[in-house]
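# Notes for the structure review
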Amino acid sequence: SILSSLPFQSLLWWALLFAASQASDRPGNVRIADVQIGFGGAYKLGAWTPVWVTIEGGSAPQQVDLELCVPDGDGVLTRFIQRESERIAIPAGGSLTLLRYLKMGRANGELTVRLAGDESAGATRVFAANERPVPLPAGSDLIVAFGPSVGIREALPRRAASADAYRAVFQANEASQLPDDWLGYESVDALILTTSDWEQVESLTDRQCEAIREWVRMGGRLLLCAGSRGAQVFAAGSRLAEFAPGSLVAVIALRNASALETFMGSTQRLDATTGNAARAEIKMTLLRDVRGRVEVGDTG
């Protein structure tokens, strides 16, 4: 029969889901309120993806574990369980957002979120494919930016060079929108950090900074915009100092931007200010003993 041909583990899983869904209908229980996948909804199949799950508390505090279940590329159900040293505490009547990671195997697969804990705390919610963002096409570029916007979205065409490729740009305005494990950056092609708002940079947690470091060590591409903040960005003890491609000399005013304008293909001077004959002063960070390939340099 069809029933006897199903793997026992799958039957057990769906039995647990059914039992939990019945429990979640009882009043006073916790509720799975929302799920946010990827970076502003941008993610790739087969790559580790951050998932933010928002849980609303019931009439009493609860202790639960969070489980995510999706089909892999072959359609086999895969459970992602990130156990804590202690169970997750859900406050009564409160709200809590948890960050987890999973790999989506199929664009049309369901995402099942389950809270496993006390019988009274059981809750399950299934998100169909049409309830979540469509994954990026194969070969797409995903660019994540954090800090004050420098116009990345406007500067890059949405479509990449090939017809089947796509460029997605996500502008993160809060540190809570970034992963705290390098796994969360697996689908990211470039991370751009702008530093004109130093308080925003310092809002990154130690775990988030370590996640970026590990991702870069493993080949991730980081674009760090220092500009006038170079003395802070590359100062001894700064969280970003290790990403310096050279030794800090000073922050100086760039008086001749011709090399940079040529590199960018700009049709007007970078230091021009609209409607004003005066020229804007461009600050830049001067480095020495630079490592790696220098695409363009100008100190005049």
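Here the structure is a predicted model, which means the values were calculated and not measured. (Residues numbered from 1 in each chain as written. Predicted model: local features only at pLDDT ≥ 70, side-chain atom pairs only at ≥ 80, totals over all residues. Heavy atoms only, no water.)

## Structural notes on the nonpolar core
Judged by nonpolar contacts, the single largest core of 30 residues is most densely connected at Y185 and L240. Setting aside residues up to four positions removed in sequence, L240 forms contacts with L193, T195, W198, V201, L224, V233 and F234. (Core = buried A, V, L, I, M, F, W, Y, C linked by side-chain atoms within 4.5 Å. Buried < 20%, exposed > 50% of the residue type's maximum accessible area, 1.4 Å probe, protein only. Contact = heavy atoms within 4.5 Å.)

## Here we look at the pattern of salt bridges
A complete count under the given rule lists 14 salt bridges for this structure. For R207, the salt bridge is made with D180, and the minimal N-O distance between the two is 3.7 Å. Here D180 lies in the loop between β10 (167-172) and β11 (190-194) and R207 lies in helix α5 (residues 206-217), a separation of 27 residues in the sequence. Between R217 and E242 there is a salt bridge whose closest N-O contact spans 3.8 Å. Note that R217 is positioned in helix α5 and E242 in the loop between α6 (230-233) and β13 (247-254), a separation of 25 residues in sequence. (Salt bridge = Lys/Arg side-chain N within 4 Å of Asp/Glu carboxyl O. Helix = DSSP H or I, 4+ residues; strand = E, 2+ residues; numbered from the N terminus.)

## Observations regarding the sheet that holds strand β9 (residues 141-146)
Read from one edge of the open sheet, four strands run β10-β9-β11-β12, paired in parallel fashion. Across the chains shown, the open sheet's two edge strands, defined by having one partner strand only, are β10 and β12 (222-225). In this sheet, adjacent strand axes meet at a mean angle of 15° when their direction is disregarded. Of the strand pairs in this sheet, β9 and β11 are connected by four bridges, and their pairing is parallel. When the sheet's bridge partners are listed, F146 is paired in β11 with L193. Relative to the sheet, α5 contacts β11 and β12, its axis offset from that of β11 by approximately 135°. (Pairing = 2+ DSSP bridges. Axes fitted to C-alpha atoms, helices over the stretch in contact; angles between N-to-C directions.)

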